[in-house]
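Summary of the model geometry
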Amino acid sequence: MCGIVGYVGPREATPILVDGLRRLEYRGYDSAGIAVLGADGLVRVTRSEGKLGNLTARIEAEPPSGRTGIGHTRWATHGRPSEENAHPHRDASGRVVVIHNGIIENFLPLKRELLARGVPFTSETDSEVIAQAIGAACADAPEAPFGEVVRTVLSRMTGMYAVVVLSADEPGVLYVAKNGPPIVLGLGADENLVASDATALLSHTRDLVFLEDGDFVRLTAASVAVTALDGAPRSRPARRVPWDAVAAEKGGYPHFMAKEIAEQPTVVVETVGHKLSLETGHFSEDAMGVSPKLLADVDRVVVVACGTSWHAGLVGKFLLEEVARVPVEVDYSAEFRYRKNLVGPRTLVVGISQSGETADTVAALTDAKRAGAPTVGVVNVPGSAIARLVDGVLATHAGPEIGVASTKAFTTQLVALALLAYYAREARGLGRLEPGDPFLEGLAHLPVALQQALALEPAIEKLSRALAHARDVLYLGRGAHYPVALEGALKLKEISYIHAEGYPAGEMKHGPIALIDGELPVVALAPRDALYDKVASNLREVKAREGRLVALVSPGDEDVSTFADETLVVPEIHPALQPVVSVVPLQLLAYHVARRRGCDVDQPRNLAKSVTVE
Ligand code: G6P
């Protein structure tokens, strides 16, 4: 994942930047770079594809000297990993440099505008548009203060960003802005630093300022001036953090699970960026892990997985059948391996696994291969057992997931499977993604929708009070939201130890309805979709029996929200991506209920992150 570090002060910047990048290495990246402003008034940019060693070799050959600088590790999203796409990005004059984490949603229209006035772009990234737009605005208003120009340009950008900007014309100053991805300032003696993660700062200072969304900072060696993007002053007092190194990796969150839930807007972008161009609708065949020819030829798909990954498989079934019209079966790995599995060369077997090490899934895929079936692994850990075993890998790019209860790995699995569905649709001659397709627009909007879902946290925290004392909880959903209900129930069960069951809402009347009374909370997914009216009737059956109904509805809902006891309004998005957004409130609910009950959220009893035994 991308990492940011910046320095302004009396010391040589280069070693500090390199040390910071090294401390961010655990996040994973594919290229890196630094920019240092020299005493001669020139910015020197050194970038390299691949490991940090490649960059440091270049730096050692020609060490840039200067006391203000920025550095970045990139995990490719828009555009492949390459030196040109690595940060820092420059404007056309080479005097403005920018590093960026996140996604600029409206980069295409902005880029078109700049191209029309002859600005030469050198990368495929959305990030370059920030540097180029600032450079162009400076050229238009040479007298305007640089900070004002940066603020104005950033207020035209939609999407998510943590950005650091350096100008050769304003030595000793960094501009920092946040809207989405985390960014922290480190306050030192006569020097200041900035980083995407506190880990990169703790060897210099423990006095940190955690920025909030909408903050805009002018940072010098001696001062920190925080305002809103509209210029209104904001107060952000520093906090002295007593963390040890491991805790610091939580980046200020109390638990890894909380951090990982919060990372979802970023990691879904990373998962998409490797596989599909949102601009053209072209898939990268290599990154999809399977050839179009094979997808055109198969008669059916069999998914094997365990736990949360199995739930992702159920959503995948819904999408592959709906979008690509290919029949799909989803099996528990542990069941598949001991059944007459009847797969062969015309069945694509898809193994889904965050760790890539789950013994049952390894065994199921081994059996499938032995039977002559082509195999694909939807895997988060590169080089894992499953990644090595399968014929092709459809990678999720969630980054290391430490919390045992899977969150960001699940949402990236859903995104990877949605991409597979559209890729298979094209391979099977059912239509291709043209620029501007609603699915592509949905993907572009996904990080913002996830951010909005995360903003429900205070309401969910409040709701967790009522649920913390429940003995059982029933989760209901239909269609692609039935597996989301299963996942919501599993999350609660795993970390709070409250018994929870997920059920298809239409099936409730055939059994679980007997449990419903004033004591049983029912959490229902009722997004505005083709099954909405059916779900609404099922939920009326709950209310008629005095069940305590918590409903997740779409904005503007006019039916279920009128009779539910509690309502959470979940952002609406393209139907193929709605489960990705809808599961977030359920993750947060499980998290807050577990916290309230004093449970060990990251390491729940009896569970393991990677189950390498049968
Ligand atoms: C364990 C974990 C679950 C996970 C399952 C499958 O049971 O506790 O969170 O969903 O394994 O793991 P995998 O790595 O194959 O996705």
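Residues numbered from 1 in each chain as written. Predicted model: local features only at pLDDT ≥ 70, side-chain atom pairs only at ≥ 80, totals over all residues. Heavy atoms only, no water.

This part is about the overall build of the protein. Summing up its helical and strand segments, the protein has 21 helices and 24 strands in all. Viewed in the frame of its principal axes, the protein has a C-alpha envelope of about 75 × 50 × 45 Å. When burial is assessed residue by residue, the protein has 61% of its 614 residues classed as buried. In the protein, of all internal contacts separated by at least 6 residues, the share reaching a separation of at least 24 is 72%. Counting only carbon and sulfur atoms, one obtains 52% of the accessible surface of the protein, whose full area is about 23,100 Å². (Helix = DSSP H or I, 4+ residues; strand = E, 2+ residues; numbered from the N terminus. Buried < 20%, exposed > 50% of the residue type's maximum accessible area, 1.4 Å probe, protein only. Contact = heavy atoms within 4.5 Å. Areas by Shrake-Rupley, 256 points an atom, 1.4 Å probe, with all protein chains shown as cover.)

Looking now at the side chain of lysine 178. Secondary-structure assignment places lysine 178 in strand E8 (residues 174-179). On the accessibility criterion, lysine 178 (9% relative accessible area) is buried. When neighbours within four sequence positions are excluded, lysine 178 is seen to be in contact with Tyr161, Ala162, Ile183, Leu211, Glu212, Asp213, Gly214 and Asp215.

Further remarks concern the sheet that holds strand E24 (residues 566-569). Reading across from one edge, E21-E20-E22-E23-E24 is the order of the 5 strands in this open sheet, with parallel pairing throughout. The open sheet terminates on both sides in strands that have one partner only, identified here as strand E21 (499-504) and E24. For this sheet, the mean inter-axis angle between neighbouring strands, taken without regard to orientation, is 20°. Relative to E24, strand E23 (residues 548-553) runs parallel, the two being bridged by 4 bridges. Looking at the pairing, valine 550 lines up with glutamate 566 of E24. Those strands touched by helix H18 (residues 481-496) are strand E20 (472-477), E21 and strand E22 (521-526), and its axis lies near 175° from that of E21. Those strands touched by helix H19 (residues 532-544) are E20, E22 and E23, and its axis lies near 165° from that of E22. (Pairing = 2+ DSSP bridges. Axes fitted to C-alpha atoms, helices over the stretch in contact; angles between N-to-C directions.)

With that settled, the discussion passes to the site of the ligand. What surrounds the ligand is a group of 13 residues, the closest being Ser309, Ser353, Gln354, Ser355 and Thr358. Serine 309 places a polar side-chain atom, nitrogen or oxygen, 2.5 Å from an oxygen atom of the ligand. Separating an oxygen atom of the ligand from a backbone N or O atom of valine 404 is a distance of 3.3 Å. Calculation on the ligand without its partners gives an accessible area of 390 Å², and the protein chains cover 91% of this total. Among the elements that take part in the shell around the ligand, helix H11 (residues 307-324) stands out by supplying 3 residues, more than any other. (Near = heavy atom within 4 Å. Polar contact = N/O pair within 3.5 Å; in protein donor to acceptor, adjacent residues only side chain to side chain.)

For the rest of this paragraph, the subject is the packing of helix H8 (residues 264-273) against helix H16 (residues 438-454). Two quantities define a packed helix pair, namely the angle between the axes and the distance from one axis to the other. Across the interface, H8 lies against H16 with an axial gap of 8 Å and an inter-helix angle of 165°. One element, H8, and the other, H16, form an angle in the roughly antiparallel class. Between H8 and H16 lies a crossing of right-handed hand. Contact residues: Gln264, Pro265, Val268, Val269 and Val272 in H8; Leu443, Leu446, Pro447, Leu450, Gln451 and Leu454 in H16. (Parallel < 35°, antiparallel > 145°, perpendicular 65-115°, else oblique. Left-handed = near helix turned anticlockwise from the far one by under 90°.)

Here strand E9 (residues 184-187) pairs with strand E10 (residues 192-195) via 4 bridges, running antiparallel. Opposite valine 184, over in E10, you have alanine 195 as the bridge partner. Linking E9 back to E10 in an antiparallel pair, the connection comprises 4 residues, with aspartate 190 at a positive phi of about 60°. Where E9 and strand E11 (residues 207-210) come together, 3 bridges link them in antiparallel fashion. Across the sheet, the residue bridging to leucine 185 is valine 209, located in E11.

So, on to the sheet that holds E8. The strand order across the open sheet formed by 6 strands is E5-E6-E7-E8-E12-E13, and the pairing between neighbours is antiparallel. The open sheet is flanked by strand E5 (89-90) and strand E13 (224-228), the only strands paired with a single partner. In this sheet, strand E6 (residues 96-104) lies alongside E5 in antiparallel orientation, the contact comprising 2 bridges. Counterpart to histidine 89 in the pairing with E6 is valine 98.

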